[in-house]
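Fold and geometry: a report
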Amino acid sequence: MPKVFSALAVSVDGFISGRTPAGEPESGRGLGDAPMLFDWYFTGDTPSREFDGFKLSEPSARVFDALAARVGACVAGRTTYEHSSGWSGGSPHPTAPLFVVSHRPVPGLGASQTLAAGIEDAVAAARAAAGAKDVALMGGGVVTAALEAGLVDELVLHQVPVLLGGGHRYFRPLPRHVRLRLLAVVPADGVTHLHYEVVR
């Protein structure tokens, strides 16, 4: 069965995006005032084999490409979808379909995008679409909902050495502890890759 995992860039104080600058709209804001969370995608000398235009350090390229090659489908929440401008009708992954979790209609879905009413339905549909590959979760709300539902197998924190002090957190409040087992730590230029397994 395909595994379900999340691999997101995160600040040391746990934020996956920054604050919206004053006067700017919340929707389509991307990383807000925290673009440095993605600097490591573009400041190396090793081109990604999976994503055009990404040039990472060699250790980051190994980690990033290994994870990207696993992805057969993506699941994102409504907030992440809107902050990413709907990935212009596509997906955060160049070849994987996207399942958007929302209790309200999402106008303008692209051909590779499907609406799902809840996390369980989204993950089930994504698993079916992924075939022998895995399902990647995008966004703090979706990751937290999937953790609550017992659906997450692995978490990867691409930890960037910055304290943002505010923004959108990787994890929302959880009703109980979730124990993790550290599988790998890979230090690289501008980021440390922390790979965990969820202990059940």
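Computed from a predicted structure; not experimentally measured. (Residues numbered from 1 in each chain as written. Predicted model: local features only at pLDDT ≥ 70, side-chain atom pairs only at ≥ 80, totals over all residues. Heavy atoms only, no water.)

Counted at 1.5 Å a residue, the expected span for helix H3 (residues 119-130) with its 12 residues is 16 Å, and the 16 Å between its end C-alpha atoms agrees. Among the residues making up H3, those that are buried are Ile119, Ala122, Val123, Ala126 and Ala130. When H3 is viewed along its axis, its buried side chains cluster within an angular range of 95 degrees and face the same direction. Turned more than 90 degrees away from the buried face of H3 sit Asp121 and Ala128, all of them exposed. One or two residues past the end of H3 sits Gly131, with phi positive at roughly 65 degrees. (Helix = DSSP H or I, 4+ residues; strand = E, 2+ residues; numbered from the N terminus. Expected span 1.5 Å × (residues − 1). Buried < 20%, exposed > 50% of the residue type's maximum accessible area, 1.4 Å probe, protein only. Arc of directions from axis to C-beta.)

We now examine the sheet that holds strand S5 (residues 71-77). Judged by pairing direction, the sheet is mixed, and its 8 strands sit side by side in the order S7-S6-S5-S8-S1-S9-S12-S11 without closing on themselves. Each edge of the open sheet carries a strand with a single partner, namely strand S7 (113-116) and strand S11 (180-188). Ignoring strand direction, the axes of neighbouring strands in this sheet form an average angle of 25 degrees. The sheet contact formed by strand S9 (residues 154-160) and strand S12 (residues 191-198) spans 6 bridges and is antiparallel. Along S12, the bridge assignment pairs His158 with His193. This element, H3, spans strand S1 (4-11), S5, strand S6 (98-101), S7 and strand S8 (134-138) of the sheet and lies at about 160 degrees to S5. (Pairing = 2+ DSSP bridges. Axes fitted to C-alpha atoms, helices over the stretch in contact; angles between N-to-C directions. Contact = heavy atoms within 4.5 Å.)

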